[in-house]
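# Inside the fold
Listed below, chain by chain, are the residues.
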Amino acid sequence: MKASDIPGGPKKGEILCRLLDIEDGRAKEFVYGQGDEIRDIFIQRRGDRIYAYENTCPHAFIPLNMKAGDFTEKTGQYLICQNHGALFDIKTGLCLAGPCNGQSLTAIDVDVKDGNIIAI
Ligand code: FES
C-alpha cells in the first residue's frame, strides 16, 4: 500500500521525516486518521535502508510494539511482535515464526530522496 493511499495519510511527495531522524536500528511511528479509521505505521531503519509497515500484527490485529521505536528483537535481525513473540523478516514483513507464521505485515511504500523519507 502506498503511504499516500492511507485514509487521512500523507499526500504523495510529502516528507514524513528525515532518514537521520530515525536512529539506526530503531523505528519511528506515524499515526493517521481518526476514530475507527486510525492507521498506525512504522518505519524501521537499518543503516541507509528503511522498511515501512502498518503497525498491526496479523495474529490479533493489535500493535506489535509496547515501547516507542522498539520493533526488533535483541539481535536487530528480525521485527518482533511483543505480544506473543512472532518474528518477521525485516525486508519482506513475512512472519517466520510464531502464531501468524506464513502471514505478512502490510508493507507501506515510501521512498528516500535527498535524505528525506517521502510518501509515494
Ligand atoms: S498479536 Fe502478534 S503474535 Fe500475537
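We now turn to the structure provided with this report. (Residues numbered from 1 in each chain as written. Predicted model: local features only at pLDDT ≥ 70, side-chain atom pairs only at ≥ 80, totals over all residues.)

Moving on, we get to the pairing of strand 9 (residues 116-119). Where a strand is regular, its side chains alternate between the two sheet faces. Of the two faces of strand 9, the one lined by Ile 117 and Ala 119 is fully buried and the one lined by Asn 116 and Ile 118 carries no buried residue. Here strand 1 (residues 15-18) pairs with strand 9 via 3 bridges, running antiparallel. Bridge pairing links Arg 18 to Asn 116 in strand 9. Sheet topology note: the strand 8 (residues 110-113)/strand 9 ladder contains 4 bridges and is antiparallel. Directly across from Asp 111, in strand 9, lies its bridge partner Ile 118. Linking two consecutive strands that pair antiparallel, namely strand 8 and strand 9, is a turn of 2 residues; a positive phi of about 50° is found at Asp 114 within it. (Buried ≥ 20, exposed ≤ 12 C-beta atoms within 10 Å, placed from the backbone. Helix = DSSP H or I, 4+ residues; strand = E, 2+ residues; numbered from the N terminus. Pairing = 2+ DSSP bridges.)

Turning our eyes to something else, we now look at the environment of Ile 22. Among the structural elements, Ile 22 can be located in the loop between strand 1 and strand 2 (27-32). Given 20 C-beta atoms within 10 Å, Ile 22 falls into the buried group. Separated by 47 residues in the primary sequence, Ile 22 and Gly 69 have C-alpha atoms spaced 8.7 Å apart. With residues up to four places along the chain from it excluded, the contact list for Ile 22 reads Cys 17, Ala 27, Lys 28, Ile 43 and Arg 45. (Contact = placed C-beta atoms within 7 Å.)

Looking at chain direction, strand 2 and strand 3 (residues 39-46) are connected through 6 bridges and run antiparallel. Considered in strand 3, the bridge of Phe 30 is made with Ile 41.

Just distances and angles here, no functional claims.
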